[in-house]
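Single-letter residue listing:
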Amino acid sequence: MPPGRAKDVFARAGRSGYDDRSEMRSYPPKASGFPPPDDPLGIAGRYEIVIPHESSAGRVTGVRNVLLQASLAELKAHGHYERYAMEIEPGALELLLSSLAPGWISVQLAMAHYEACEKLNLSREEFEAMGERVGDRVQETVLVSSAKKEHAEPYDLWLALPSLHRMWPRLFQGGSVQITKIGTKEKLLEERGFVLTRYHYYRQGHLAALRSTYGALGVHLTTTKIVSYDAGHDEMVIRVAWL
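Computed from a prediction, not measured in an experiment: that's the story for all the values here.

Here is what the cut-offs are and how they apply
Each chain has its residues counted from 1, following the order in which its sequence is written. Thresholds applied to this predicted model are a pLDDT of at least 70 for local features of residues and 80 or more for the giving and counting of side-chain atom pairs; totals over whole chains, interfaces and linings are not thresholded and use all residues. Side-chain measures here rest on the full set of heavy atoms in the structure, leaving out hydrogens and waters. Buried, partly exposed and exposed residues are distinguished by accessible area as a fraction of the type maximum, computed with a 1.4 Å probe on protein chains only: under 20%, between the cut-offs, and over 50%, respectively. Counting from the N terminus, the helices are the DSSP runs of H or I reaching at least four residues and the strands are the DSSP runs of E reaching at least two. The arc in question is formed by the directions pointing from the helix axis toward the C-beta atoms. Contacts are residue-level and defined by heavy atoms, with any inter-residue pair within 4.5 Å sufficient. Two aromatic rings, drawn from Phe, Tyr or Trp (for Trp, its six-membered ring), form a pair once their centres lie within 6.5 Å of each other, and the interplanar angle then sorts them: stacked below 30 degrees, edge-to-face above 60, tilted otherwise. We call a charge positioned above a ring when the Lys NZ or Arg CZ atom is no farther than 6 Å from the ring centre and deviates by at most 35 degrees from the ring normal. Two strands form a pair only when DSSP identifies at least two bridges running between them. In these notes, a set of buried Ala, Val, Leu, Ile, Met, Phe, Trp, Tyr and Cys residues joined through side-chain atoms within 4.5 Å is what counts as a nonpolar core. Lines are fitted to the C-alpha atoms to define the axes, a helix being fitted only along its stretch in contact, and any angle between axes, read from their N-to-C directions, falls within 0 to 180 degrees. Working rule for angles: under 35 degrees goes down as roughly parallel, over 145 as roughly antiparallel, 65 to 115 as roughly perpendicular, anything else as oblique. In this scheme the handedness of a crossing depends on how the near helix is turned from the far one: anticlockwise by less than a right angle means left-handed, clockwise means right-handed. For this scheme, ten residues count as nonpolar: Ala, Val, Leu, Ile, Met, Phe, Trp, Tyr, Cys and Pro. Four count as charged, namely Asp, Glu, Lys and Arg, and the remainder, Gly too, count as polar.

K.L.:
With reference to specific residues and values, describe helix α4 (residues 90-98).
P.N.:
Among all positions of α4, only Ala92, Leu93 and Leu96 are buried. Along the long axis of α4, the arc covered by the buried residues comes to 100°, so they all point the same way. Turned more than 90 degrees away from the buried face of α4 sit Pro90, Glu94 and Ser98, all of them exposed. Buried residues belonging to α4 abut α2 (65-77), α3 (81-87), β3 (104-106) and α5 (107-118).

K.L.:
Could you give an account of the packing of aromatic side chains, with specific residues and numbers?
P.N.:
Each pair of aromatic rings is reported with the distance of its centres and the angle of its planes. Evaluated as defined, the whole model comprises seven aromatic pairs. Note on Tyr81 and Tyr84: the rings are 5.9 Å apart at their centroids and 40° apart in plane angle, and the pair reads as tilted. Of this pair, Tyr81 and Tyr84 are both found in helix α3, three residues apart, which corresponds to roughly one turn of the helix. Judged by centre distance (6.4 Å) and plane angle (25°), the ring pair of Trp168 and Phe172 falls under stacked. For the pair Trp168 and Phe172, one class covers both residues: buried. What links up through ring pairs into an aromatic cluster is the set Tyr114, Tyr201 and Tyr202. The ring of Tyr81 carries Lys76 above its face, with NZ or CZ at 5.0 Å from the centroid. One cation-aromatic arrangement involves Arg203 over Tyr229; the distance from NZ or CZ to the ring centre is 5.1 Å.

K.L.:
With reference to specific residues and values, describe the environment of Glu74.
P.N.:
With respect to the secondary-structure elements, Glu74 resides in helix α2. With 57 residues separating them in the primary sequence, Glu74 and Gly131 have C-alpha atoms 8.4 Å apart.

K.L.:
Give me the lowdown on the pairing of strand β7 (residues 221-230), citing residues and values where you can.
P.N.:
Of all ten residues in β7, eight are buried; the element is thus mostly enclosed. As paired elements, β7 and strand β8 (residues 235-242) share eight bridges and run antiparallel to each other. Looking across to β8, one finds that Leu221 is bridged to Trp242. The hairpin formed by β7 and β8 contains four residues between the paired strands, and Asp234 there has a positive phi angle of roughly 50°.

K.L.:
Now, about the nonpolar core: what can you tell me, with residues and values included?
P.N.:
Counting 58 residues, the largest nonpolar core has Val63, Tyr84, Phe172, Leu196 and Tyr214 as its most contacted members. Element by element, the count of residues in this core is highest for α5, at seven residues.

K.L.:
A description of unusual backbone geometry should follow, citing residues and the corresponding values.
P.N.:
Both trends apply: most residues other than glycine have a negative phi, and most peptide bonds are in trans. Of note, Asn121 is a non-glycine position whose phi angle comes to about 50°, a positive value. Relative to the assigned elements, Asn121 resides in the loop between α5 and α6 (124-142). Positive phi is not limited to glycine here, since Asp234 has a value of about 50°. Counting through the fold element by element, Asp234 comes out in the loop between β7 and β8.

K.L.:
Describe in detail the packing of α2 against α5, supporting the description with residues and values.
P.N.:
With their axes 11 Å apart at the nearest point, α2 and α5 run at an angle of 25° to one another. One way to sum up the angle between α2 and α5 is to call them roughly parallel. Here the hand of the crossing between α2 and α5 comes out left-handed. Contacts between α2 and α5 involve Leu67, Leu68, Ser71, Leu72 and Leu75 on the former and, on the latter, Ala110, His113, Tyr114 and Cys117. Grouping the constituent residues of the contact of α2 with α5 by class yields seven nonpolar, two polar and no charged.

Right under this line is the structure:
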């Protein structure tokens, strides 16, 4: 991450009540150093990039179909499917309904799905309920199926980081995720090249799905918040903290 953009990320990470639709613009590099002088998180000298970006990674080109099928199932379960079917391009819907195998679908088809979902204008509560169930469905099949929500022992997320990080290539072809440790139980996820983050529907569902995934490990999250979004680079940064 260039120093100037890192300053922007950490400055926003110190805010509360971030509305991810209120600042849909790029954050250009600045000449100032990093960490930022005001150091809103108090991390000067203490942050650590645990898993860096893959420098050769491009934008996402494919999405695991289980993610889309789980999303469709939740639209039906919550009574939104008929409106959704009216919004999506008919050819795209036909492809989604005929593609039931747990393989890859093109990112263009996934974007057609989320563009239609965007037009539903769902409430935050609806996002929460649907996103968590999508997260449950996905983690049960391709992520942490061996983890149980009744996990009794304290779970060390830092030790589990490599296995958790492998979820990204299982769900997406392309894109890169950098993990930065900013506290004993706090980190930043910087997702770069994920074109689906252009949709508010996807961003909010993504947060809810993260909470579900960590919950499956018995981890109680205290913060899952978008702290920066760079439309020019399809880059989203999420602050995650836990007990």
